[in-house]
Amino acid sequence: MLVRAAICYQSVNTTSAPIIAHRYCLLNTACTAIIGCAVKETCSTASNQQCSKCATGYNLVDGTADKCVMPAGGPTQLSVARLTLKNTGDGSDQAISLPKHTVKFVKTSGTSSMKLTYADNLRVYGNGKVCTWTIKIDGKDCAIPIYNSKHSAAVSDNDHTPNAIVGTCAGIAAGVHSMTIALTRNAGADCYTGWSASSARDAFFMEAEELNPAGQITTVMRKVKADGRDSGVVTGRSLKLDKRSDTSQLRLTWATNLRVRAHNNRGGAICNWELQIDGKSCVKPSKIGVSMHSQNDDNDHIPAEVVGWCQGIARGPHTITVLVVRGNSNSDCYTGWSSNDYMEVWEPTPAEQSMIAYMQRVGTDNASDSASSVLTTSFTKKSSASSVRILYYDNLRVIGSSKWCRWEVKVDDKSCAAPLAGSLYTLSGDNDHYPATIVGECPDVAAGKHSINVAVTRASGADCHTGWTPTPRVMHALIEIQETSAAISNLCSSNKQPGPFFACIVLRVDFFIFLKKFHQLFTTSINFLREVK
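Residues numbered from 1 in each chain as written. Predicted model: local features only at pLDDT ≥ 70, side-chain atom pairs only at ≥ 80, totals over all residues. Heavy atoms only, no water.

Before going further, it helps to examine the state of the cysteines. Covalent bonding between the sulfur atoms of two cysteines is what defines a disulfide. Evaluation of the coordinates by the stated rule reveals eight disulfides. Bridging Cys54 to Cys68, the disulfide has an S-S length of 2.0 Å. On the sign convention where negative means left-handed, the S-S torsion of about -85° between Cys54 and Cys68 marks this disulfide as left-handed. Note that Cys54 is positioned in strand S4 (residues 51-54) and Cys68 in strand S6 (residues 67-69), a separation of 14 residues in sequence. For the pair formed by Cys54 and Cys68, the shared burial category is buried. In this model, Cys282 is linked to Cys310 through a disulfide, with the two sulfur atoms separated by 2.2 Å. Sign of the S-S torsion, about 115° for the bond between Cys282 and Cys310, identifies this disulfide as right-handed. Within this pair, whereas Cys282 is found in the loop between strand S19 (269-277) and strand S20 (288-294), its partner Cys310 is found in strand S21 (residues 301-310), the two being separated by 28 residues in sequence. Residue Cys282 is classed as buried on the basis of its relative accessible area, which comes to 5%. The class for Cys310 is buried, based on a relative accessible area of 1%. (Disulfide = S-S within 2.5 Å. Helix = DSSP H or I, 4+ residues; strand = E, 2+ residues; numbered from the N terminus. Buried < 20%, exposed > 50% of the residue type's maximum accessible area, 1.4 Å probe, protein only.)

Quick look at the structure:
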């Protein structure tokens, strides 16, 4: 910090004369806040503001006007293991570990945390019945368990829907670990995992991502009470972050459990949840949120993962909150039932952002019951050796009696090895507009430009609907393509059968052990030479 005196003005009768500022001199109204400054000095104008001490994480840059700047962070991922496989349909009502739902991974650091994602088609059936899916590490819960549940009020419901469960796991030691999925229920619940409307089968997806403590990502996993408010800021769902650059983009994630029903148990009900930054909507490329509609006497509590991008946010401290707004006075909203809450803000580095392409917008409503493309975007792949992770987030709906609709993400009009698809089934004419997450890897995509299309197919007579944007227009559609460097991606886990997958993991583990032993031997040799010398 440069040492200088600030100029203030003191009234003396009817004139003003400049004097040298003392410790208790008032700030001039022309002075503005210094982003990231914890202890400010006095000034005369914004052009010569001074800071004594920057906040934690910021570095002081001396100048005519001081600045507090956060240094650039490292890459977000230290390692990642993924599994994208065709589901086989599992009618188990409870399981310590669902068959084939296992990802082995190597954690490189004892201080990092693991971000875990599980996406699949889930169903609960029965009167007042609950099924719960839990992500486990080495057969144990995380410090804050990562789980989510589905609730059905009556046997007239038999909804099969694509859902995602996401969270972070702290306190996992470096080394080899297994990620599995456990299934539990209340008495009499009929659970189903991995249903598909097509004989081609839909894919389920599991991901174990090791987050770099020095990366540009802020996360919080927490136990927090459910909130039954129908409007206002949802209690306990907030996240503070410090954005490093004015030009970077932000990727927001919120994983929770949501419900909408009619107060009078009949008629349509609508609830909307929006992720806001500093109490304001994201403007570019769109608002970020989720809208839900139910009719009759539905009381479906469902897992939900909201993912969206926001541009044009200035560097410095910000706060993410969730605003719920109901569509009419008959709507009964509920947030966070039978689950723990996860929030994340990722600020990709320029190198990371260059490996991402996405299309995000509201107002994508499409009533086509069958189409080769209801949404489209394109991307350019940089390397043939890299992995492609594709995410499709949208609002999907099917109406009819024992009817289904199926949405599939295709690359250049072709299915991935394990189809990245989501099937919706309804038993008795529900009109549920619910959020859906379809995600997975697509192997063997060559370098160059490619198209992404979302195709819709259906059972005869099914009424399908893609995208739904009621007022206040927070429900957005997102197609996101992440190209992951082969240097950190466990490519052998993608769309492979268990045999090759586990063989590849063994090779990774052997190499990891070899590196550790080589390091130990090298250290021992150096110490020996020092002693001889």
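Having seen it, we continue.
Turning our eyes to something else, we now look at the environment of Asp66. Relative to the elements of secondary structure, Asp66 occurs in the loop between strand S5 (59-61) and S6. Here Asp66 falls in the buried class, since its relative accessible area comes to 4%. Considering only alpha carbons, one finds Asp66 and Cys37, 29 residues apart in sequence, at a separation of 9.2 Å. Within the structure, the side chain of Asp66 is placed 3.1 Å from the backbone nitrogen of Gly63, a separation counted as a polar contact. (Polar contact = N/O pair within 3.5 Å; in protein donor to acceptor, adjacent residues only side chain to side chain.)

Glancing now at the sheet that holds strand S31 (residues 448-458). Strand order in the open sheet made by the four strands is S26-S31-S28-S29, with antiparallel pairing throughout. Strands with a single pairing partner mark the edges of an open sheet, and in this sheet they are strand S26 (371-381) and strand S29 (420-428). Strand-to-strand twist in this sheet, taken as the mean axis angle between neighbours without regard to direction, amounts to 10°. Bridge analysis of strand S28 (residues 401-411) against S29 gives eight bridges, and the strand direction is antiparallel. Of the residues in S29, the one forming a bridge with Arg406 is Ser423. (Pairing = 2+ DSSP bridges. Axes fitted to C-alpha atoms, helices over the stretch in contact; angles between N-to-C directions.)

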